[in-house]
Amino acid sequence: MAAVPSSGELETVSAVRAHGGVQGVYRHRSRETGTPMTFSLFTPPQAAAGARCPVVWFLSGLTCTHANVTEKGEYRRACAELGLIFVAPDTSPRGEGVPGDPDGAYDFGLGAGFYVDATEPPYADSYHMWSYVAEELPALVALHFPADLGRQSVMGHSMGGHGALTLGLRLPGRYRAVSALAPIVAPSQAPWGEKALGGYLGADRSAWRRHDAVALIEDGARVAGLLVDQGEADPFLVEQLQPQRLQAACVAADIPLTLRMQPGYDHSYFFISSFMEDHLRWHAERLR
């Protein structure tokens, strides 16, 4: 196996032609996590003509890597038509010595970084997913690809929906569009979130509010508008996802929210792929 490139350099793991563009998978050494990190990136055909293209960031959910949406998200045809670069980071650091859940559960540790910068040991050494996604990876993408970071947006699923909402709310003006599919909207009030935020950030719940979309809105954060799709047959709807909390917060804050409850849909990539194109077109309108 080739040596992992140093920070700022990229190794191309794979690159294949798709819908006139290129679907690539890339690896680099992250200064934020101290580990190798892998991400996927689709470059649309417009880039071959010299265009700098807007960027859509897709943040994945629990247990996922970059590969889940890359293989099952069905985004390339729409991105090729709309001229969008589509970037899918991993969900946590990986590698030898990176701590996972001591109980071996799926909802904490490896694959479950929750897009925060951990402050609690042993996770504080490498679980810097907020800084990785918000700062390091965008700079790397801008260096190596024809990305117009003056036109970028963010979306995500489940844990990644939580990440997308919090990025949009905490970095006003950076993302022209923010959307989510079955997001964890109030992790401070849901079992997944309470476990993750407590484990990564400690017992002081006031520190959790910066990583809770509903709490951020209550504390004054604003975005121009949100699009959220949620399956009514999602087994996590009532206990973990609780979209009614986001709806109430947006109403109180006068934030335009399009919340679409989708009958019969669950939490899977069958659900995600069904509404991916809708979200990409919604983003493209705001990225022009």
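Structure report, in brief. (Residues numbered from 1 in each chain as written. Predicted model: local features only at pLDDT ≥ 70, side-chain atom pairs only at ≥ 80, totals over all residues. Heavy atoms only, no water.)

## Quick look at the overall build of the protein chain
Next, step 1: Summing up its helical and strand segments, the protein chain has nine helices and nine strands in all.
Next, step 2: Oriented by its inertia axes, the alpha-carbon framework of the protein chain measures out at about 45 × 40 × 35 Å.
Next, step 3: The burial tally for the protein chain puts 58% of its 288 residues in the buried class.
Next, step 4: Within the protein chain, contacts between residues separated by at least 24 positions form 71% of all contacts whose residues are at least 6 apart in sequence. (Helix = DSSP H or I, 4+ residues; strand = E, 2+ residues; numbered from the N terminus. Buried < 20%, exposed > 50% of the residue type's maximum accessible area, 1.4 Å probe, protein only. Contact = heavy atoms within 4.5 Å.)

## Some details on the packing of aromatic side chains
Next, step 1: For the structure shown, the criterion picks out 13 aromatic pairs.
Next, step 2: Aromatic pair Tyr-75 and Phe-86: ring centres 3.8 Å apart, planes at 10°, arrangement stacked. Of the two residues, Tyr-75 sits in the loop between α1 (66–72) and α2 (76–82) while Phe-86 sits in strand β5 (residues 85–88), which places them eleven residues apart along the sequence. When sorted by exposure, Tyr-75 lands in the same class as Phe-86, which is buried.
Next, step 3: Between Tyr-123 and Tyr-127 the ring centres are 5.3 Å apart and the planes differ by 80°, which places this aromatic pair in the edge-to-face class.
Next, step 4: For Tyr-127, a relative accessible area of 1% corresponds to the buried category.
Next, step 5: If you follow Arg-76 out to its NZ or CZ, it ends over the ring of Tyr-75, 4.7 Å from the centre. (Phe/Tyr/Trp six-rings, centres within 6.5 Å; stacked < 30°, edge-to-face > 60°. Lys NZ or Arg CZ within 6 Å of the ring centre and 35° of its normal.)

## Quick look at the sheet that holds strand β3 (residues 36–43)
Next, step 1: Spatially, the nine strands line up as an open sheet ordered β1-β2-β3-β5-β4-β6-β7-β8-β9, and their pairing is mixed. Strands with a single pairing partner mark the edges of an open sheet, and in this sheet they are β1 (11–18) and β9 (257–262). Within this sheet the neighbouring strands show an average axis-to-axis angle of 20°, counted without direction.
Next, step 2: The pairing of strand β7 (residues 175–181) with strand β8 (residues 226–231) spans three bridges and is classified as parallel. Residue pairing for β8: Leu-181 is matched across the bridge by Asp-229. (Pairing = 2+ DSSP bridges. Axes fitted to C-alpha atoms, helices over the stretch in contact; angles between N-to-C directions.)

## Focus on the nonpolar core
Next, step 1: One finds Phe-39, Phe-86, Tyr-200 and Leu-280 to be the most contacted residues of the largest nonpolar core, which totals 88 residues.
Next, step 2: Sequence-distant contacts of Phe-86, defined by excluding residues within four places in its chain, comprise Ser-40, Leu-41, Phe-42, Val-56, Phe-58, Val-69, Tyr-75, Cys-79, Met-276 and Leu-280. (Core = buried A, V, L, I, M, F, W, Y, C linked by side-chain atoms within 4.5 Å.)

## Side note on the packing of helix α3 (residues 129–144) against helix α4 (residues 159–170)
Next, step 1: Between α3 and α4, the least distance of the axes is 12 Å, while the angle of their chain directions is 60°. For the element pair α3 / α4, the angle class is oblique. For the element pair α3 and α4, the recorded crossing hand is right-handed. On α4, the residues that touch Trp-130, Val-133 and Ala-134 of α3 are Thr-166, Leu-167 and Arg-170.
Next, step 2: Of the residues belonging to the contact of α3 with α4, the class tally is four nonpolar, one polar and one charged. (Parallel < 35°, antiparallel > 145°, perpendicular 65-115°, else oblique. Left-handed = near helix turned anticlockwise from the far one by under 90°. Nonpolar A, V, L, I, M, F, W, Y, C, P; charged D, E, K, R; others polar.)

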